[in-house]
Amino acid sequence: MNKILIFLLGFLLLLHSCTIENKDLASASLFVDADCEVKNLRMSDLYSELRYIRLETSPESLISQVYKIIPFADRFLVVDRESGKIFLFGIDGQFISTIGNKGDGPEDFVGISDVTTDPLNNRIFVLDSSRKQVQVYGADGLYHEHISIDFVAHELEYLDKNMLLFYCDYSANKKYSRDGARPNVLLLDIEDGVIVGESYVSDGISFGEVSSPFSSLCGMNGKKAVSFDVLTNQLSFFGSKGVESVLAVDFGECDKVKEYVEMLQKEQLSAMDIVPGSAKSQPYTMLISCLANKNYCLMNAMNYSTGAVYQFAYSVETGTCLLGKGKRNLPITNDMDEYPPFIPYSSSEDCICGILEPYMLLGDKNIIEDVNGLMVGLKEDDNPIVVMAKTKPI
């Protein structure tokens, strides 16, 4: 993922309001006022505490591009898909080891599509889509086994009771089609190998017709997960038995969404046809990412036609929603310390995990007092600084 793009999309935040039209979360609708005014959001509205962890930089631990950060017991994993490495760091930032190896051996992975963990049993699952395999490692990095799959998937999350949830990103997987539709999500029971399809989408829409550059699946502490459909702005909340509830995010553009999906079913578009800003790209506000924990879901959305960017925190428990909006600027204010806002990458039970790149600190002239000593001896090519932001109820 492009670091600059994530920074722009992840922090164009402004405070406003949105409302729930149906409190029954088995099937709820969240209306978001897309015409709200621009206004800054304070980070203290979302977080109660920020913890900064400076990662050790060495030839063995040098990260090319952070894809995912996963808290794991008293350590955490940093997934770097670009270099094909999974780094294990201590909670103090000390480099411990790498997990697995990139290669063509039976214990290796050819590439990393996604990574998830089973915190209860200290297992690490690595999805290798090119091989149609999931490699399983222990917390010590030792290889355990591999799980073969007969479908194409791009993301995965571990659920309670030995279940793996796969997001297929509109891939064909015709074997699991039914009634002219195919599953966008597949649930695999690791014990007996039973595969169940979820979140079915039309066979008339191909993989190349959907622009989804960001993760569409987010885990919630190894027990729950959330996925969203980039075309319809619908969120599905999963447990070990499948979909438990659905949330439709409505930006007041339902007619445009319906017309665009119907057009895709009839026409065959190429990837170039749907590039943002092209004549046949999505003409409405679309969700582009979602992070979730016990306090709220943190979602980003963008309208490529108008340049409007939204971020909103929505509480499943209370129905409260804080909505932010920006337009090609960075209106968020970090009122908790003097550092710039961090880039969110993933979530845990009560935290949003993100990073600060060294260039973000070294180029910020507003930092008067380096209270946490993050900039002492810091070089621009050092590893990023991990931020563990403790969320609070909203």
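Residues numbered from 1 in each chain as written. Predicted model: local features only at pLDDT ≥ 70, side-chain atom pairs only at ≥ 80, totals over all residues. Heavy atoms only, no water.

> Explain the overall build of the protein chain here, please?
Each helix and strand counted, the protein chain has three helices and 26 strands in total. The globule rule puts the C-alpha radius of gyration for 394 residues at 21 Å, and the 20 Å found for the protein chain is close to it. Viewed in the frame of its principal axes, the protein chain has a C-alpha envelope of about 60 × 55 × 40 Å. Counting all 394 residues of the protein chain, 57% fall into the buried class. Once local pairs closer than 6 in sequence are excluded, the contacts in the protein chain between residues at least 24 apart make up 56%. On the protein chain, roughly 16800 Å² of surface is accessible, and the fraction owed to carbon and sulfur atoms is 49%. In the protein chain, which carries 34 positive and 55 negative side-chain charges, the distance between the mean positions of the two groups comes to 2 Å. (Helix = DSSP H or I, 4+ residues; strand = E, 2+ residues; numbered from the N terminus. Rg over C-alpha atoms; globule rule 2.2 N^0.38 Å. Buried < 20%, exposed > 50% of the residue type's maximum accessible area, 1.4 Å probe, protein only. Contact = heavy atoms within 4.5 Å. Areas by Shrake-Rupley, 256 points an atom, 1.4 Å probe, with all protein chains shown as cover. Lys, Arg positive; Asp, Glu negative; His and termini not counted. Charge placed at Lys NZ, Arg CZ, Asp CG, Glu CD.)

> I tried to follow the pattern of salt bridges on my own but got confused; where do I start?
Pairing between side chains of opposite charge can happen when the charged atoms of each approach one another. As enumerated under the stated definition, the model contains ten salt bridges in all. With its nearest N and O atoms 3.1 Å apart, the salt bridge here joins Asp-114 to Lys-68. Highlighted residues: Asp-114 in strand β8 (residues 114-118) and Lys-68 in strand β4 (residues 68-72), separated in sequence by 46 residues. With respect to class, Asp-114 is no different from Lys-68; both count as buried. (Salt bridge = Lys/Arg side-chain N within 4 Å of Asp/Glu carboxyl O.)

> Looking at this model, I keep getting lost on the side chain of Ser-61. Mind explaining?
Take Ser-61: it is sitting in the loop between β3 (47-54) and β4. Exposure remark for Ser-61: the relative accessible area of 0% places this residue in the buried category.

> Help me out: how do you make sense of the sheet that holds β4 in this one?
Two modes of strand pairing occur in sheets, parallel and antiparallel, and in both the strands are linked by backbone hydrogen bonds. The strand order across the open sheet built from four strands is β4-β5-β6-β7, with neighbouring strands paired in antiparallel fashion. In this open sheet, the two strands that pair with only one neighbour each are β4 and β7 (95-98). In this sheet, adjacent strand axes meet at a mean angle of 25° when their direction is disregarded. Relative to β7, strand β6 (residues 85-90) runs antiparallel, the two sharing three bridges. Of the residues in β7, the one forming a bridge with Phe-89 is Phe-95. (Pairing = 2+ DSSP bridges. Axes fitted to C-alpha atoms, helices over the stretch in contact; angles between N-to-C directions.)

> Looking at this structure, I do not really get unusual backbone geometry. What am I missing?
Note on backbone geometry: most residues besides glycine have negative phi, and most peptide bonds are trans. In this model, Tyr-170 sits at a positive phi of 65°, which is unusual for a non-glycine residue. By secondary structure assignment, the location of Tyr-170 is in the loop between β13 (163-167) and β14 (181-189). A positive phi is found at Asp-179, a non-glycine position, where the angle reads about 50°. Structurally, the position occupied by Asp-179 is in the loop between β13 and β14. On the accessibility criterion, Asp-179 (80% relative accessible area) is exposed.

> Help me understand the sheet that holds strand β24 (residues 343-347) in this model?
Read across the open sheet, the four strands follow the order β3-β26-β25-β24; overall the sheet is antiparallel. Each end of this open sheet is capped by a strand with a single partner; those strands are β3 and β24. Averaged over all neighbouring strand pairs, the angle between strand axes comes to 30°, with direction disregarded. Of the pairings in the sheet, the one linking strand β25 (residues 351-356) to strand β26 (residues 385-391) comprises six bridges and is antiparallel in character. Bridge pairing links Cys-353 to Met-388 in β26.

> I would appreciate a short explanation of the side chain of Asp-114 in the present structure.
Its relative accessible area of 1% is what places Asp-114 among the buried residues. Polar side-chain contacts of Asp-114 include one of 3.1 Å to the side chain of Lys-68. Sequence-distant contacts of Asp-114, that is, excluding residues within four places in its chain, are made with Tyr-67, Lys-68, Phe-125, Val-126, Leu-127, His-154, Glu-155 and Leu-156. (Polar contact = N/O pair within 3.5 Å; in protein donor to acceptor, adjacent residues only side chain to side chain.)

> Help me out: how do you make sense of the confidence of the model for the protein chain in this one?
Parts of the prediction with low pLDDT should not have their coordinates interpreted in detail. Confidence along the protein chain averages 88 in pLDDT terms, with 91% of residues attaining 70 or more. A low-confidence stretch, residues 1-16 (pLDDT under 50), is modelled with 77 contacts involving residues beyond four sequence positions or located in other chains. (pLDDT = per-residue confidence, 0-100.)

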